[in-house]
Amino acid sequence: MSTVPVRLEELAAGESLAPPRRSLLQAVLAAGLPSARDENWRYAYLRALDRQAFAPAARPGAEAQRLAASVLPAPLEGHARLVVVDGWFCPELSNEPLPQGVSRLAGAALDAAWVATAPSAAYAPATPSRPLAAGPASVDLRLSQLNAALAPEALAIELPPGSDAALEVVFVATQDGAVAASHPALRLRLGESAALSLVERHLGAGDAGSFTNADLQLEVGRGARLRHTRLQLLGPRARHFETLALRAGDGCECEFLSLAAGAQSARSTALLELAGREASLQWNAVALGDRTQVNDAFVRVEHAGPGARTRQAFRGIAAGRSRVAFNGHMVVREGALGASSDQSLKALLAGSEAEADVRPQLEIYVDDVRASHGATVGKLDEQMRFYLLSRGIDRETADALLKWAFVEDVASRIAPAALRHQVEDAMATQLRAVVDVGGIR
Amino acid sequence: MSAPILSIRDLRARVGGRDVLDGLSLDVGAGEVHAIMGPNGSGKSTLAYVLAGRPGYEITAGSVTYRGEDLLKLEPEERARAGLFLGFQYPVEIPGVNNVYLLKAALNAARKHQGLPEVDAFEFLAVVREKMKLMQMDEAFLSRGVNEGFSGGEKKRNEILQMLVLEPTLALLDETDSGLDIDALKVVSRGVNTLRAPQRAIVLVTHYQRLLEHIVPDRVHVLARGRIVRSGDRDLALELERRGYDWITGAAA
């Protein structure tokens, strides 16, 4: 196996990619990868893209599967598990038989899912029934395009109207990012009035610094309910990029809860469109940074349908020399009469060399709208700390407790309890809480 | 008299560039309850905070000896583990940190300091329930965040509950009576009185005599301009109630 990283330019010029993918990659390169000059990418760690081997990792062999199996968490009750290793669906590690509506897309079928003949609007992320623009698009979609050009296959989930399902999708990265990249792709279509609990995990196996560029496209039909829990707990050397696109129909309810605590650097892009009437979205996110980690998230919500509603809460803690950033951009279109948008973005600076940036943005094109936002960056409260010390609690525990308290109002919403407990354990580890988490519960 | 639990000598402290304690001396013996009274701004709360080790107070002179040890050398958490308890005038709310968790962690920190094993979970809950009954607190408080959404009176009861569970050697209660109605005052006083013991000392910082009808002090001190200007028995408190502070603080000028 070659250890010389294959660069994007070589992939675009070579014969390894099918022609439509090659031309997409050429278009991406012509437009350029995101840079710090791009408004919504200022806080991301983009040097992770330099000198990166983008060549898709090979289909996982026995060793990669063994590594992946070793990091899988305990099964989550009621949830069928689907495991994707280095971008490849792994039936050996997944639930058998495959749950209804789950399949893998590859080859021409996959290409057909994204190749569009005419470029669409700059901000039209692809969804399962709306192919990706092959032409010019916002730079915020560039990594999604990159995934489309390079993903070996995609996991497709198609839930019929009225169905009810619970799925856990575990993405594991096992390869050294200096050699090969993981390009996982997920396409989800939730039929009318269907309900889905989706748990998405990103985990690393082995101590190599992996590179991931994940792409998730979700389409939630009329009156459907989606509860999507996202856990990014990659290893300390991982580089992670992800794009999530959502299109939500009439009266559907989408609730997202995410914890991002892993990876050396992580950038999460979410492009959410409330297209239908009275579609509702809750976006709850926790990001924990420590050491020299960089964790950046950009969430753009487009309220297009009348009565579209969003509640967004972000809680970030930047400890050590880490950087934690959250940019929440709310757009309310002309047609979104009676829309509402509420943002509560809070970050805690817990290290003298740490950096935290929270940025609410509102872009409103209609009069009849209710919009509120709050954004704060603060330090640990000295009065609270003294109160805990005065009760004999040591400093390290007092600080860990206060950090815990800071994110707990978001984390406490995670369900089911078994998953919440897993998340709380992960948070306690990250917060270096020398505390008995069970006691906090 | 045996060696006092607390011995303060000529203590001077500054906060925000202002001398707030100006040569304060006080001895509190085992088994005693002392009341420190005085007008607003006389330095009562500063004394409580200085003893508990709150940051931001600069000790410029004097000494504080607690059970033969230099108290001022200890960090706030070490003072607490060594048996000093401060009941706050305005207990802070800490949403997200569970009340019962704090109680247990505080108790275990003190036990560890004494070389004792961690408290048994069931025994602990039994003790806490019993003390809550005494303080007429609903058990639902246990699972809530520390002081989260508590009324003023509930916060004060919670302070006393913590004190009852931790069984300190020296309890400093900073205006525990403020903001309490008469029923709550009785409950809080009963809690404090159950803690009176030969090996323990209690210092009540208060503005009003009415608390002392329920918790009868052995000694009453009047604090003015950062020092104790008069000491006496409980009759002094009654006299203050009748005559106000001016006749003493004026005399001290």
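Residues numbered from 1 in each chain as written. Chains lettered and ligands numbered in written order. Predicted model: local features only at pLDDT ≥ 70, side-chain atom pairs only at ≥ 80, totals over all residues. Heavy atoms only, no water.

Trainee: Can you break down the overall build of chain B residue by residue, with the values?
Mentor: Along its length, chain B carries nine helices and 12 strands. Taken over the C-alpha trace, chain B has a radius of gyration of 18 Å; the compact-globule value for 253 residues is 18 Å, and the two agree within 12%. Taken over 253 residues, chain B has a buried fraction of 53%. Within chain B, residue pairs in contact and separated by at least 24 positions form 68% of the contacts whose partners lie at least 6 positions apart. Carbon together with sulfur atoms contributes 47% to the accessible area of chain B, which is approximately 11,000 Å² in total. Each charge sign in chain B was given a centre, from 32 positive and 34 negative side chains, and these centres are 2 Å apart. (Helix = DSSP H or I, 4+ residues; strand = E, 2+ residues; numbered from the N terminus. Rg over C-alpha atoms; globule rule 2.2 N^0.38 Å. Buried < 20%, exposed > 50% of the residue type's maximum accessible area, 1.4 Å probe, protein only. Contact = heavy atoms within 4.5 Å. Areas by Shrake-Rupley, 256 points an atom, 1.4 Å probe, with all protein chains shown as cover. Lys, Arg positive; Asp, Glu negative; His and termini not counted. Charge placed at Lys NZ, Arg CZ, Asp CG, Glu CD.)

Trainee: Could you give an account of the pattern of salt bridges, with specific residues and numbers?
Mentor: Here the structure, examined in full by the defined rule, presents 37 salt bridges over all chains. A salt bridge links arginine 42 of chain A to glutamate 39 of chain A; its shortest N-O distance comes to 3.7 Å. Under the relative-accessibility criterion, arginine 42 of chain A is labelled partly exposed at 41%. Here the residues in one salt-bridge network are Asp10, Arg12, Asp22 and Arg227 of chain B, joined through shared partners. (Salt bridge = Lys/Arg side-chain N within 4 Å of Asp/Glu carboxyl O.)

Trainee: Can you explain the confidence of the model for chain A? Please cite residues and give values.
Mentor: All names here are of chain A. Residue-level pLDDT values for chain A average 90, and 91% of them are 70 or greater. Summarising per-element confidence for chain A, the mean pLDDT is lowest in helix α9 (residues 437-440) (44) and highest in strand β1 (residues 80-85) (98). Low pLDDT, under 50, characterises residues 115-122; the predicted model gives this stretch 12 contacts beyond four residues in sequence or across chains. Across residues 437-441, where pLDDT falls below 50, the model places 15 contacts with residues more than four positions away in sequence or in other chains. (pLDDT = per-residue confidence, 0-100.)

Trainee: Describe the packing of aromatic side chains, listing the residues and the values that go with them.
Mentor: A complete count under the given rule lists nine aromatic pairs over all chains for this structure. Ring geometry for phenylalanine 54 of chain A and phenylalanine 211 of chain A: centres 5.4 Å apart, planes at 80 degrees, overall edge-to-face. Placement of phenylalanine 54 of chain A in the loop between α2 (19-31) and α3 (62-71) and of phenylalanine 211 of chain A in strand β8 (residues 211-220) is noted, with a sequence separation of 157 residues between them. Its relative accessible area of 2% is what places phenylalanine 211 of chain A among the buried residues. Ring centres of phenylalanine 211 of chain A and phenylalanine 241 of chain A lie 5.9 Å apart, and the angle between their planes is 45 degrees; on these two criteria the pair is classed as tilted. In this pair, phenylalanine 211 of chain A sits in strand β8 while phenylalanine 241 of chain A sits in strand β10 (residues 239-248), placing the two residues 30 residues apart along the sequence. Here the two residues phenylalanine 211 of chain A and phenylalanine 241 of chain A agree in accessibility, since each one is buried. Here the aromatic cluster, defined as three or more aromatic residues joined through ring pairs, consists of Phe386 and Tyr387 of chain A together with Tyr49, Tyr57 and Phe88 of chain B. For the cation-ring pair, arginine 391 of chain A lies above tyrosine 387 of chain A, with the distance from its terminal atom to the ring centre recorded as 4.8 Å. Lying across the ring of tryptophan 247 of chain B, arginine 243 of chain B places its NZ or CZ 4.1 Å from the centre. (Phe/Tyr/Trp six-rings, centres within 6.5 Å; stacked < 30°, edge-to-face > 60°. Lys NZ or Arg CZ within 6 Å of the ring centre and 35° of its normal.)

Trainee: Account for the sheet that holds β10 of chain A, with residues named and values stated.
Mentor: Residues and elements named next belong to chain A. If you trace the nine strands from one edge of the open sheet to the other, you get β3-β4-β6-β8-β10-β12-β14-β16-β18, paired in mixed fashion. Looking along the sheet, the strands with just one partner apiece sit at the ends: β3 (102-106) and β18 (355-364). Mean inter-strand twist for the sheet, computed between neighbouring axes without regard to direction, equals 10 degrees. Where strand β6 (residues 185-190) lies against β8, six bridges are found, and the strand directions are parallel. By the bridge assignment for β8, alanine 185 is matched with aspartate 215. (Pairing = 2+ DSSP bridges. Axes fitted to C-alpha atoms, helices over the stretch in contact; angles between N-to-C directions.)

Trainee: Account for the confidence of the model for chain B, naming residues and giving values.
Mentor: On average, chain B scores 93 in pLDDT, and the residues at 70 or more come to 98%. Across chain B, strand β6 (residues 84-87) of chain B holds the top mean pLDDT of 98, while helix α9 (residues 246-252) of chain B sits lowest at 70.

Trainee: Please provide a residue-by-residue account of the nonpolar core, values included.
Mentor: By size, the foremost hydrophobic cluster in this structure holds 71 residues, and its most contacted members are Leu259, Leu288 and Met427 of chain A together with Ile8, Ile94 and Leu170 of chain B. With nine residues, helix α7 (residues 395-411) of chain A is the largest single contributor of residues to this core. Counting residues in hydrophobic clusters, the runner-up holds 52 residues, among them Phe171, Leu186, Leu246 and Ala297 of chain A. (Core = buried A, V, L, I, M, F, W, Y, C linked by side-chain atoms within 4.5 Å.)

Trainee: Residue-level account of the packing of helix α3 (residues 99-113) of chain B against helix α5 (residues 152-166) of chain B, with values.
Mentor: Each pair of packed helices gets described by two things: the angle between the helix axes and the distance between those axes. Residues and elements named next belong to chain B. In contact at an axis separation of 10 Å, α3 and α5 are set at 35 degrees when each is read in the N-to-C sense. In this structure, α3 crosses over α5, and the sense of that crossing is right-handed. Only Asn158, Leu161, Gln162, Val165 and Leu166 of α5 make contact with α3, whose side of the interface consists of Asn99, Leu102, Leu103, Ala106 and Leu107. The residue inventory of the contact of α3 with α5, partitioned by class, reads seven nonpolar, three polar and no charged. (Left-handed = near helix turned anticlockwise from the far one by under 90°. Nonpolar A, V, L, I, M, F, W, Y, C, P; charged D, E, K, R; others polar.)

Trainee: Mind laying out helix α4 (residues 121-134) of chain B, listing which residues take part and the relevant values?
Mentor: Note: α-helices contain 3.6 residues per turn, so residues at a spacing of three or four share the same orientation. All names here are of chain B. For α4, built from 14 residues, the straight-helix expectation of 20 Å at 1.5 Å per residue is met to within 8% by its first-to-last C-alpha distance of 20 Å. Taken together, the buried positions of α4 are Phe124, Val128, Lys131 and Met132. An end-on view of α4 places all buried positions within 105 degrees of arc, on one side of the element. Turned more than 90 degrees away from the buried face of α4 sit Phe122, Glu123, Glu130 and Lys133, all of them exposed. In this fold, the buried residues of α4 make contact with α3 and α5. Capping the start of α4, aspartate 120 holds a side-chain oxygen 3.1 Å from the backbone nitrogen of phenylalanine 122, two or three residues further along. Glutamine 136 sits one or two positions beyond α4 and adopts a positive phi of about 50 degrees. (Expected span 1.5 Å × (residues − 1). Arc of directions from axis to C-beta. Polar contact = N/O pair within 3.5 Å; in protein donor to acceptor, adjacent residues only side chain to side chain.)

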